[in-house]
Amino acid sequence: MSNTVSQSFARKVEREGVTVAEWVFLRALYDGGHVAPSQLAEGMAMTKGAISKLSDRLLEKSLIERRDNPDDKRAHTLALNQKGRALVPRLAALADENDEEFFSALTLDERRRLAQILRKIVNERELTNVPLD
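Because the structure is predicted, anything quoted here is derived from the model rather than measured.

The rules behind the values
- Residues numbered from 1 in each chain as written.
- Predicted model: local features only at pLDDT ≥ 70, side-chain atom pairs only at ≥ 80, totals over all residues.
- Heavy atoms only, no water.
- Helix = DSSP H or I, 4+ residues; strand = E, 2+ residues; numbered from the N terminus.
- Buried < 20%, exposed > 50% of the residue type's maximum accessible area, 1.4 Å probe, protein only.
- Contact = heavy atoms within 4.5 Å.
- Areas by Shrake-Rupley, 256 points an atom, 1.4 Å probe, with all protein chains shown as cover.
- Lys, Arg positive; Asp, Glu negative; His and termini not counted.
- Charge placed at Lys NZ, Arg CZ, Asp CG, Glu CD.
- Pairing = 2+ DSSP bridges.
- Salt bridge = Lys/Arg side-chain N within 4 Å of Asp/Glu carboxyl O.

Asker: Whenever I open this one, the overall build of the chain confuses me. Can you help?
Answerer: Along the chain, the regular secondary structure elements total 6 helices and 2 strands. Along the chain, helices and strands appear, N-terminal first, in the series α-α-α-α-β-β-α-α. Taking the principal axes of its C-alpha atoms as reference, the chain extends roughly 55 × 35 × 20 Å. The buried share of the chain, taken over its 133 residues, is 29%. Within the chain, residue pairs in contact and separated by at least 24 positions form 61% of the contacts whose partners lie at least 6 positions apart. Surface summary for the chain: the accessible area is close to 9000 Å², and the carbon and sulfur share equals 49%. One finds the centroid of the 21 positive side-chain charges in the chain at a distance of 1 Å from the centroid of its 21 negative side-chain charges.

Asker: In this structure, what is going on with the environment of D109? I would like to understand it.
Answerer: With respect to the helices and strands, the residue D109 is situated in helix α6 (residues 108-125). In this structure, the C-alpha to C-alpha distance between D109 and V5, residues 104 residues apart in sequence, is 20 Å.

Asker: Help me understand the pairing of strand β1 (residues 64-69), please; the structure alone is not making it clear to me.
Answerer: Moving residue by residue along a regular strand, the side chains alternate between the two faces of the sheet. Where β1 and strand β2 (residues 72-80) come together, 6 bridges link them in antiparallel fashion. Its bridge partner being in β2, R66 is matched across the sheet by L78. The loop that links β1 with its antiparallel partner β2 comprises 2 residues.

Asker: What's the story with the pattern of salt bridges in this structure? I'm lost.
Answerer: As a working rule, side chains carrying opposite charge can pair if their charged atoms are close by. According to the stated counting rule, one finds 9 salt bridges in the structure shown. A salt bridge links R66 to D56; the nearest nitrogen and oxygen atoms lie 3.1 Å apart. Pair noted here: R66 is in strand β1 and D56 is in helix α4 (residues 48-60), with a separation of 10 residues, a long-range link. Taking the relative accessible area as the measure of exposure, R66 reaches 38% and is therefore partly exposed. Since its relative accessible area comes to 35%, D56 is described here as partly exposed. For R111, the salt bridge goes to E100, with nearest N and O atoms at 3.3 Å. Pair noted here: R111 is in helix α6 and E100 is in helix α5 (residues 82-103), with a separation of 11 residues, a long-range link. On the basis of relative accessibility, which here comes to 42%, the residue E100 falls in the partly exposed class. Via salt bridges that share partners, E22, R57 and K61 belong to a single interconnected network.

Right under this line is the structure:
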């Protein structure tokens, strides 16, 4: 079931020109303003190398911007540009649509309970992996 839900969402966001990993990255930047790649890596439980690859892809797609740190020429920050900021709510709506498509058979109470159970598993197993594709 998990693969079906994930694959369905992946197809939806790919029609918008991004991968699931890129969506997660964009969402992490949405509330963050200008963020150092090391902060993103820590917050998303990814390596700096993976963050670098994702940021390069999103720069190529003109969805984010990179700014040099005036105090440290070796450092920079990443932020959504106008195009990226406009895309995030559309992708969030696709996520909600995907959830509704698969979980609408459950009552609100059942959905809450399922979310609680899944959070318990995630916490117990210390699952922090983010999609890398």
